[in-house]
Amino acid sequence: MVYISESKERCIILGEYLVSNKSTVRAVAKKFGISKSTVHKDVTQILKKYNKGLYEEVKRVLEKNKQVRHLRGGEATRIKYEKLNSEL
């Protein structure tokens, strides 16, 4: 867990981490020990004010995540039921 007090600094660190790891908002939130809402607000609203280039990169990663989220959900459901069936 990393504590970063300054919102400008925090949004840049979160944005850089998200882009470099092609991470999800949930994964970033877990890594830094903050809420998903805080991460999302930092990288979509606050980052836009301080680093337009990084904001555009973050936006592309978030859009890609949005396009594949139904696939991730389906995969998670498949794994869940395979695990349940193997326990029987």
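In case you missed it, the structure is sitting above this.
All of the points below concern the structure found in this document.

**With respect to the overall build of the chain**
Argument step 1. Each helix and strand in the chain was counted, giving four helices and zero strands.
Argument step 2. The order of α-helices and β-strands along the chain, N terminus first, is α-α-α-α.
Argument step 3. The C-alpha radius of gyration computed for the chain amounts to 16 Å, which surpasses the reference 12 Å derived for 88 residues by more than 25%, pointing to a less compact arrangement than a globule.
Argument step 4. Each of the three principal axes of the chain carries a C-alpha extent, and together these read 55 × 25 × 20 Å.
Argument step 5. Relative to its 88 residues, the chain shows a buried fraction of 26%.
Argument step 6. Considering only contacts in the chain between residues 6 or more positions apart, those separated by 24 or more positions represent 56%.
Argument step 7. For the chain, the exposed area adds up to about 6400 Å²; of that, 52% sits on carbon and sulfur atoms.
Argument step 8. Charge-centre separation for the chain: the mean point of 20 positive side chains lies 4 Å from the mean point of 10 negative side chains.

**Section: the pattern of salt bridges**
Oppositely charged side chains may form a pair once their charged atoms are brought near each other.
Argument step 1. Applying the stated rule across the entire model yields three salt bridges.
Argument step 2. The shortest N-O distance in the salt bridge between D42 and R10 comes to 2.5 Å. In this pair, D42 is assigned in helix α3 (residues 36–50) and R10 in helix α1 (residues 7–21), connecting sequence segments 32 residues apart.
Argument step 3. Two residues, R78 and E75, come together in a salt bridge whose shortest N-O distance is 2.4 Å. Of the two residues, R78 and E75 are both situated in helix α4 (residues 52–87); the distance of three residues between them amounts to about one turn of the helix.
Argument step 4. Residue R78 is classed as partly exposed on the basis of its relative accessible area of 39%.
Argument step 5. Connected through shared salt-bridge partners, E75, R78 and E82 make up one network.

**So, unusual backbone geometry**
Argument step 1. At K22, a residue that is not glycine, the phi angle is positive and equals roughly 45 degrees.
Argument step 2. Structurally, K22 can be placed in the loop between α1 and α2 (25–32).
Argument step 3. For K22, a relative accessible area of 61% puts it in the exposed group.

**With respect to the packing of α1 against α3**
Argument step 1. As a packed pair, α1 and α3 sit with axes 9 Å apart at the nearest point and diverge in direction by 105 degrees. If you check the angle between α1 and α3, you find them roughly perpendicular. Listed contacts from α3 to S7, K8, R10, C11, I12, L14 and G15 of α1 are T38, V39, D42, V43, I46, L47 and Y50.
Argument step 2. Looking at side-chain class alone, the contact of α1 with α3 contains eight nonpolar, three polar and three charged residues.

What counts and how
Residues numbered from 1 in each chain as written. Predicted model: local features only at pLDDT ≥ 70, side-chain atom pairs only at ≥ 80, totals over all residues. Heavy atoms only, no water. Helix = DSSP H or I, 4+ residues; strand = E, 2+ residues; numbered from the N terminus. Rg over C-alpha atoms; globule rule 2.2 N^0.38 Å. Buried < 20%, exposed > 50% of the residue type's maximum accessible area, 1.4 Å probe, protein only. Contact = heavy atoms within 4.5 Å. Areas by Shrake-Rupley, 256 points an atom, 1.4 Å probe, with all protein chains shown as cover. Lys, Arg positive; Asp, Glu negative; His and termini not counted. Charge placed at Lys NZ, Arg CZ, Asp CG, Glu CD. Salt bridge = Lys/Arg side-chain N within 4 Å of Asp/Glu carboxyl O. Axes fitted to C-alpha atoms, helices over the stretch in contact; angles between N-to-C directions. Parallel < 35°, antiparallel > 145°, perpendicular 65-115°, else oblique. Nonpolar A, V, L, I, M, F, W, Y, C, P; charged D, E, K, R; others polar.

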